[in-house]
Amino acid sequence: MKLGIIGLGLIGGSMAIDLRRKGFAESIIGVEADSVNAAAALKIGLVDEITTLQECAASCDLIILSVPVGAAVRMLPEILDIFQEEIKNGNSCKKTVIDVCSTKEQLAKTVHYHPMRARYVATHPMAGTEYSGPWDAMPGLFDGRACIICNQEESSPASVHLVEKMYDCLNMRPIYMNAASHDVHTAYVSHISHITSFALALTVLDKERNEKHIFDLASGGFSSTVRLAKSNADMWVPIFSQNRDNLLKVIDTYIEKINAFREAIDGFDEDGIRSLIEDANRIKRIIR
């Protein structure tokens, strides 16, 4: 197995660590546009060499596209074009490409009619932190987490099997759904969390001009809630843009709940506040 990873940040780098450690790949080839990240990935041994997208797609058996979704929409058709070129040159093509992006519907539409569509498997490993870059890659990031595989009926059984084997090697549990459903669910359980964190950080920074007070008074609850506000804009801007329609519905619902708290607090309605909190406590049945 010759593995190619395009984008050597937290996700791509962490996959490289565990897939090498567990013997899934004999060699790992990296593609990275940022020269500093590329040099770091080589130095710490995430990859065996750095090459171009063209060379990676032409030489690797499995390619992991681990870049912001805006870039993935452009790059995925290019990779499938390279696969198609092999067929035109009289070679058999058994290569597979996956993405690990947080939105799926736009990617699915982009390559829906591509002749090599069957060699693409749309995936989303539900793991990560607020950090990015090859130096933040870590072993065990994916252990026990869910991995969404979307529109698997459009992919070849051989490609899906290979990808299932890879995620099993990462100790992930597969969940299957269509791309549109995936984007709705991630808007509720992932994307709104980041928007909330960004908004809270802006609120506090706007009111607490003295940053020393924030540092001195911030407790564990504030730190855990605002942690995601440290996330990279290059990653999240295209996610919010591509999942716009779903996110607007979630934001509207969130604003309704904020207003319910505001009205109860403004009216000294302690019973109303208690009811809202106890209703929210039902989340304990789902998240422990």
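Everything here concerns the structure above.
A brief report on the enclosed structure follows. (Residues numbered from 1 in each chain as written. Predicted model: local features only at pLDDT ≥ 70, side-chain atom pairs only at ≥ 80, totals over all residues. Heavy atoms only, no water.)

**Examining the nonpolar core**
Residues Met-15, Leu-19, Ile-64, Ile-98, Met-166 and Tyr-167 are the most contacted members of the largest nonpolar core, which totals 33 residues. Of all the secondary-structure elements, those providing two or more residues to this core are β1 (2-6), α1 (10-21), β4 (62-65), β7 (146-150) and α6 (157-169). The greatest single-element share of this core, amounting to six residues, is contributed by α6. For Met-15, the residues in contact, after removing those within four places along its chain, are Ile-64, Val-100, Phe-142, Met-166, Tyr-167 and Leu-170. (Core = buried A, V, L, I, M, F, W, Y, C linked by side-chain atoms within 4.5 Å. Buried < 20%, exposed > 50% of the residue type's maximum accessible area, 1.4 Å probe, protein only. Helix = DSSP H or I, 4+ residues; strand = E, 2+ residues; numbered from the N terminus. Contact = heavy atoms within 4.5 Å.)

**What about the pattern of salt bridges?**
If you walk through the whole model with that rule in mind, you get eight salt bridges. In this structure, Glu-154 and Arg-117 form a salt bridge, with 3.3 Å as the shortest nitrogen-oxygen distance. Of this pair, Glu-154 sits in the loop between β7 and α6 while Arg-117 is found in the loop between α5 (105-110) and β6 (120-125), placing the two residues 37 residues apart along the sequence. Where Arg-282 meets Asp-279, a salt bridge forms, and the shortest distance between an N and an O atom there is 2.8 Å. The class of Arg-282 is partly exposed, set by a relative accessible area of 46%. Look at Asp-279 and you get partly exposed, because its relative accessible area is 42%. (Salt bridge = Lys/Arg side-chain N within 4 Å of Asp/Glu carboxyl O.)

**What about unusual backbone geometry?**
Of note in this structure, Asn-151 is not a glycine but carries a positive phi near 50°. In this fold, Asn-151 is placed in the loop between β7 and α6. The residue Phe-268 is not glycine, and still its phi comes out positive at about 50°. In this structure, Phe-268 sits in the loop between α11 (244-266) and α12 (270-280).

**Concerning the pairing of β6**
Where burial is concerned, most of β6 is hidden: six out of the six residues are buried. Taking every second residue as pointing to the same face, both faces of β6 are buried, with Tyr-120, Ala-122 and His-124 on one and Val-121, Thr-123 and Pro-125 on the other. In this structure, strand β5 (residues 96-99) lies alongside β6, joined through three bridges in parallel fashion. Counted as the bridge partner of Ile-98 is Val-121 from β6. In terms of handedness, the path from β5 via α5 over to β6 forms a crossover that is right-handed. Sheet analysis places β6 next to β7, joined by four bridges and oriented antiparallel. (Pairing = 2+ DSSP bridges. Right-handed = clockwise from strand over helix to strand, strands pointing away.)

**Re α11**
Counted at 1.5 Å a residue, the expected span for α11 with its 23 residues is 33 Å, and the 32 Å between its end C-alpha atoms agrees. Structurally, α11 contributes buried residues whose contacts are with α7 (179-207), α10 (233-242) and α12. (Expected span 1.5 Å × (residues − 1).)

**A closer look at the environment of Ala-72**
Tracing the backbone shows Ala-72 in helix α4 (residues 69-88). What makes Ala-72 buried here is its relative accessible area of 0%. Each C-alpha atom, one on Ala-72 and one on Cys-56, is 15 Å from the other, the two residues being 16 residues apart in sequence. The residues touching Ala-72, leaving out its near neighbours within four places in the chain, are Leu-65, Val-67, Pro-77, Cys-101 and Leu-107.

**Quick look at the sheet that holds β6**
The strand order β3-β2-β1-β4-β5-β6-β7-β8 describes an open sheet built from eight strands, whose pairing is mixed. The open sheet has two edge strands, β3 (49-50) and β8 (173-177), and neither has a second partner. Where β4 and β5 come together, four bridges link them in parallel fashion. Of the residues in β5, the one forming a bridge with Leu-65 is Asp-99.

**What about the packing of aromatic side chains?**
Applying the stated criterion across every chain yields a total of two aromatic pairs. For the ring pair Phe-198 and Phe-240, a centre distance of 6.3 Å and an interplane angle of 80° mean the geometry is edge-to-face. You can see Phe-198 sitting in helix α7 and its partner Phe-240 sitting in helix α10, a full 42 residues away along the chain. Phe-198 gets classed as partly exposed once you look at its relative accessible area, which sits at 22%. Classification of Phe-240 as partly exposed rests on a relative accessible area of 22%. With a centroid separation of 5.6 Å and 45° between ring planes, the pair formed by Trp-236 and Phe-240 is classed as tilted. In this pair, Trp-236 and Phe-240 are both assigned in helix α10, four residues apart and thus about one turn of the helix distant. These aromatic residues form a ring-pair network of at least three members: Phe-198, Trp-236 and Phe-240. (Phe/Tyr/Trp six-rings, centres within 6.5 Å; stacked < 30°, edge-to-face > 60°.)

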